[in-house]
Amino acid sequence: MKKGSAARRRPIPTSARDVLIALDAWSFQLAPTRPWGSLAGEWDRVKALNRYCRHSSVKADEAASTAPFHLDLWFYFTLQNWILDFGRPIAMMGELRPEEGKNLPRVTQNVGAQLSPKGASNSQLVFPLEWFPLNKPSVGDYFHMAYNIITPFLLLKLIERSPRTLPRSMIYVSIITFIMGASIHLVGDSVNHRLIFSGYQNHLSVRENPIIKNLKPETLIDSFELLYYYDEYLGHSMWYIPFFLILFMYFSGCFTPTKAESSMPGPALPLVVPSGLYYWYLVTEGQIFILFIFTFFAMLALVLHQKRKRLFLDSNGLFLFSSFALTLLLVALWVAWLWNDPVLRKKYPGVIYVPEPWAFYTLHVSSRH
């Protein structure tokens, strides 16, 4: 080896950026000194190594970065869930005024009397019936429309703040499916709540409802069962599967190599209870316990897997995981409380027994007034 060769030797690169610079310089100097035919295989190896180093540097940057707690997004997300989703059926289930009940069918007048507090002679709707007639969208429908716009927007903002680069195509398809499923549910749920004013009872199946089982011709009953299928099965599936998939993909990026950063800030703690309580309502009313429990155990498995790599949940991951853990506890308590209810047991047969809160309301609460 010549004496000058050691002096001309480049220093060993110490970072991913230095490796890329060295590879670019080497590949540039290599081309004019050797015939192209003998360089083809070596040139491909250089490009492959270059791509590998770039990919590795991105992964290293993602692993090292930790997102701060998204207090604004989680607060808006929880608030709009309670108002626009949980509050939607409450806004649709008003009280009929006496002069309004006179113009409705007899069975509707009876339901209006049931929905009115005992002894109230001049009770009024929060939103009077003449504002939202039965043949027009109700205030709850407008709540649902707002939910279908705001929730995808907040989910996209949440994905934007993820420290990990998530698959964009999967995100876009999930958001589109989510909006389509929520819109299908909007139509089915709107008609279902309008039927309540005609005597429809949520704790009974479609064919067992008094206003449905005597319809003529009987093919009309099939139409109402189709509407129920769109509302409770197809709509819920296309709504909730992409919803939980997006949350899980976001959760997969909520890990940090620093154990000191694996804690929730003080303002996050008061949000855990309303967030977990809302997911309890979502799981029970939406009848998606299997989807929820699958998502929860997938999150738990991911936490245990990342722990072996000495990666820990950051504040956002802890918030989401704690909310889901509280939800699981509340669902277990809810099922244990109503385990021996004979009427609800008849409506929800089978191994998975998770009664809907609104079915419980129409059976045990509204019937007492």
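This one's a predicted model, so the numbers in the text were calculated from it and none came from an experiment.

Conventions and cut-offs
- Residues numbered from 1 in each chain as written.
- Predicted model: local features only at pLDDT ≥ 70, side-chain atom pairs only at ≥ 80, totals over all residues.
- Heavy atoms only, no water.
- 1 Å grid on protein atoms, 1.4 Å probe; cavity = no way out; pocket = protein on both sides within 12 Å on 5 of 7 lines; lining within 4 Å.
- Points joined across faces, edges and corners; volume = space filled by probe spheres on them.
- Helix = DSSP H or I, 4+ residues; strand = E, 2+ residues; numbered from the N terminus.
- Nonpolar A, V, L, I, M, F, W, Y, C, P; charged D, E, K, R; others polar.
- Patch = residues over 30% accessible without salt bridge, like charges linked within 9 Å, V, L, I, M, F, W, Y side chains within 5 Å.
- Areas by Shrake-Rupley, 256 points an atom, 1.4 Å probe, with all protein chains shown as cover.
- Salt bridge = Lys/Arg side-chain N within 4 Å of Asp/Glu carboxyl O.
- Buried < 20%, exposed > 50% of the residue type's maximum accessible area, 1.4 Å probe, protein only.
- Expected span 1.5 Å × (residues − 1).
- Bend = angle between axes of the 7 residues up to and from the residue.

A. A look at the layout of surface pockets. The space that makes up the largest pocket amounts to roughly 640 Å³. With 8 residues, helix α10 (residues 219–251) is the largest single contributor of residues to the lining of the largest pocket. Of the residues in the lining of the largest pocket, the class split is 14 nonpolar, 5 polar and 5 charged.

B. Quick look at a nonpolar patch on the surface. Taken together, the side chains of Phe-75, Tyr-76, Leu-79 and Ile-83 define a hydrophobic patch exposed on the protein surface, amounting to about 380 Å² of accessible area. By secondary structure assignment, the location of Ile-83 is in helix α4 (residues 71–92). Using a relative accessible area of 41% as the deciding quantity, one classes Ile-83 as partly exposed.

C. Looking closely at α10. Counted at 1.5 Å a residue, the expected span for α10 with its 33 residues is 48 Å, and the 46 Å between its end C-alpha atoms agrees. Along its length, α10 reaches its greatest deviation from straightness, about 40°, at His-236.

D. Just the pattern of salt bridges, in detail. By the definition in use, this model includes 9 salt bridges. Arg-161 is the salt-bridge partner of Asp-72, the closest N and O atoms lying 2.9 Å from each other. Residue Asp-72 is located in helix α4, and its partner Arg-161 is located in the loop between α7 (139–160) and α8 (168–196); the two are separated by 89 residues in the primary sequence. A salt bridge links Glu-218 to Lys-216, with the nearest nitrogen and oxygen atoms 3.9 Å apart. For Glu-218, a relative accessible area of 52% gives the class exposed.

All we've got here are geometric facts, nothing functional implied.
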